[in-house]
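# Examining the three-dimensional arrangement
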Amino acid sequence: MSLRLSLALDAGGCVLPDEGRIAVFAPRADLDLSALPKERVLILQPQRPDFESFEAAGFTCLPGVADLPAEERFAASVVFLPRAKAEARLLVAQAEAVTAGPVLVDGAKTDGIDSILKHLRKLTETSAPLSKAHGKIFWFQGGNNTLAEWIPAALSKVEGYVTAPGVFSADGIDPASALLVASLPEKLGRTVADLGAGWGYLSSQILSRSGVELLHLVEADHVALGCARSNVQDARAQFHWADARKWSAPEQVNTVVMNPPFHAGRSAEPELGQAFIAAAANMLVASGHLWMVANRHLPYETILSERFAAVSEVAGDNRFKVLHAQRPRRAKR
Ligand SMILES: C[S@@+](CC[C@H](N)C(=O)[O-])C[C@H]1O[C@@H](n2cnc3c(N)ncnc32)[C@H](O)[C@@H]1O
């Protein structure tokens, strides 16, 4: 429940215009938005599972501002602050640019609400912050183009690849993924899926292996997938903005390669990686292979041996392990 938003609107003195659409940036799926008039709300959420959850609850949703008509202006906006600083600034600046009325910024202390407030105060006039539930909410008037410097002029390139604020491993190639690539065999089979493809590092390397005819990049983060489209310009690549736990391949694949996520927001959730392993087993042909990398402490061996006939650790160090699993077993019903 967004207690801070209710506080700002009920007693805190922030008045929403009576008419016009309200843009809500980056709300997580478990957030209660009942303080807002649902029929006027547009959710801007690049993370597919959260997007699907708001869509199922009857909200109108888009992945991000790039999908809005250029002339669209909102009566008000609410930004739920993400943790990555550059992404937080980008979202607040995007909200400012597309909003004629108040822009509310709601964030936990641990997500840097104090730091962004301090910087915003130098650039625009903000309300006094209201504090509740280990965080703050404040607001300022949008539509004055005061935060343009927070919107990068061009996508950044690191180590030759396009990345973006807030995407996984935005600063360069992830060392675990590099270890996985070094362990991959020369032949991967005809059809391959990269689950949680991020900005496309593994996929770019998979396509350098001979014999690959079709590669599915499955990624939940719309922004990361946009980067992958730039980084993997190859007719064999197909891009899917999807939750890999639910995505089904058009036909079963020979190989899955992945560096699965194990965090949902701040909390470590090994179930996420375990669900990726189950999804991989379901989409592979009977003779199929799974190649994956994980942090050494993650408990993946039990599900791997339940869902595959043969499992081995093929490389590793004290931080990571590269696992190879063969011949999926069908899920028990
Ligand atoms: C550890 S990163 C690996 C990224 C990339 N493959 C690489 O090696 O650099 C895991 C990726 O999974 C994505 N992800 C998280 N949950 C997902 C889900 N349910 N479905 C698909 N992708 C997801 C994250 O956005 C992230 O890009």
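Since the structure is predicted, the reported quantities are computational estimates derived from the model, not experimental observations. (Residues numbered from 1 in each chain as written. Predicted model: local features only at pLDDT ≥ 70, side-chain atom pairs only at ≥ 80, totals over all residues.)

Now for the overall build of the protein chain. Regarding its fold elements, the protein chain presents 9 helices and 18 strands. Relative to the 2.2 N^0.38 estimate, which gives 20 Å for 333 residues, the radius of gyration of the protein chain is 22 Å and therefore close to what a compact globule would have. Expressed as lengths along the three principal axes of its C-alpha atoms, the size of the protein chain is roughly 65 × 40 × 40 Å. For the protein chain, the residues scored as buried account for 42% of the 333 residues in total. Sequence separation of at least 24 residues holds for 63% of the intrachain contacts in the protein chain that already meet a minimum separation of 6. (Helix = DSSP H or I, 4+ residues; strand = E, 2+ residues; numbered from the N terminus. Rg over C-alpha atoms; globule rule 2.2 N^0.38 Å. Buried ≥ 20, exposed ≤ 12 C-beta atoms within 10 Å, placed from the backbone. Contact = placed C-beta atoms within 7 Å.)

Let's shift gears to the environment of Gln326. Inspection of the secondary structure assignment puts Gln326 in strand S18 (residues 320-328). Residue contacts for Gln326: discarding those within four places in its chain leaves His289, Phe308, Ala309 and Ala310.

Here the focus is the nonpolar core. Residues Leu195, Val256 and Ala280 are the most contacted members of the largest nonpolar core, which totals 52 residues. Other than its neighbours up to four places away in sequence, Val256 contacts Ala193, Leu195, Ala280, Met283, Leu284 and Leu290. (Core = buried A, V, L, I, M, F, W, Y, C linked by C-beta atoms within 7 Å.)

Attention shifts here to the site of the ligand. Near the ligand, the surroundings consist of 20 residues, among which Ser177, Gly196, Gly198, Ala220 and Ala244 are the closest. Only helix H6 (201-206) and strand S11 (214-219) provide two or more residues apiece to the shell around the ligand. (Near = placed C-beta within 6 Å.)

The next thing to look at is the pairing of strand S12 (residues 237-241). Of the strand pairs in this sheet, S11 and S12 are connected by 5 bridges, and their pairing is parallel. If you follow Val218 over to S12, its bridge partner there is His240. Taken together, S11, helix H7 (residues 222-231) and S12 form a β-α-β motif whose crossover is right-handed. (Pairing = 2+ DSSP bridges. Right-handed = clockwise from strand over helix to strand, strands pointing away.)

The next subject is the sheet that holds strand S6 (residues 130-132). The mixed open sheet is built from 7 strands, whose spatial order is S3-S2-S1-S4-S5-S7-S6. Where the open sheet ends on each side, the last strands, each with one partner, are strand S3 (60-62) and S6. Geometrically, the sheet is characterised by an average inter-axis angle of 20 degrees between neighbouring strands, direction not taken into account. In terms of strand pairing, strand S4 (residues 76-80) meets strand S5 (residues 102-108) through 4 bridges, oriented parallel. Across the sheet, the residue bridging to Val78 is Leu104, located in S5. Strand contacts of helix H4 (residues 113-123): S5 and strand S7 (135-141), with the helix running at about 25 degrees to S7, the strand carrying the most contacts. (Axes fitted to C-alpha atoms, helices over the stretch in contact; angles between N-to-C directions.)

Turning our eyes to something else, we now look at the sheet that holds S18. Spatial ordering of the open sheet is given by S12-S11-S10-S13-S16-S18-S17, a layout of 7 strands whose pairing is mixed. In this open sheet, the two strands that pair with only one neighbour each are S12 and strand S17 (308-316). Sheet twist, expressed as the mean angle between neighbouring strand axes with direction ignored, is 15 degrees.

Turning next to the domain arrangement of the protein chain. The domain boundaries assigned to the protein chain delineate domain 1 (3-150) and domain 2 (156-328). Computed over C-alpha atoms, the centres of domain 1 and domain 2 are 32 Å apart. In this assembly, 13 residues from domain 1 lie in contact with 10 residues from domain 2. If you list the elements that add at least two residues to the side of domain 1 that touches domain 2, you get helix H2 (48-56) and helix H3 (85-98). (Domains from an automatic or database assignment.)

It is worth spelling out unusual backbone geometry at this point. Phi is positive for Ala26, close to 60 degrees, though the residue is something other than glycine. Of note, Ala26 is situated in the loop between strand S1 (22-25) and strand S2 (41-44). Using a count of 22 C-beta atoms within 10 Å as the deciding quantity, one classes Ala26 as buried. Of note, Ala133 is a non-glycine position whose phi angle comes to about 50 degrees, a positive value. When you line up the elements, Ala133 lands in the loop between S6 and S7. Judged by the 13 C-beta atoms lying within 10 Å of it, Ala133 is partly exposed.

This part covers helix H8 (residues 270-283). Over its 14 residues, H8 runs 20 Å from end to end, which matches the ideal 20 Å to within 8%, given 1.5 Å per residue. Along H8, the residues that are buried comprise Gly273, Gln274, Phe276, Ile277, Ala279, Ala280, Ala281 and Met283. The secondary structure elements touched by the buried residues of H8 are strand S10 (191-195), strand S13 (253-258), strand S16 (284-295), helix H9 (301-307), S17 and S18. (Expected span 1.5 Å × (residues − 1).)

Along S1, one buried face is formed by Ile22 and Val24 and the opposite face, lined by Ala23 and Phe25, is buried too. Sheet topology places S1 next to S4; 4 bridges connect them, and they run parallel. Bridge pairing links Ile22 to Ala76 in S4. One ladder, built from 4 bridges, connects S1 with S2; its direction is parallel. Bridge pairing in S2 places Ile22 opposite Val41.

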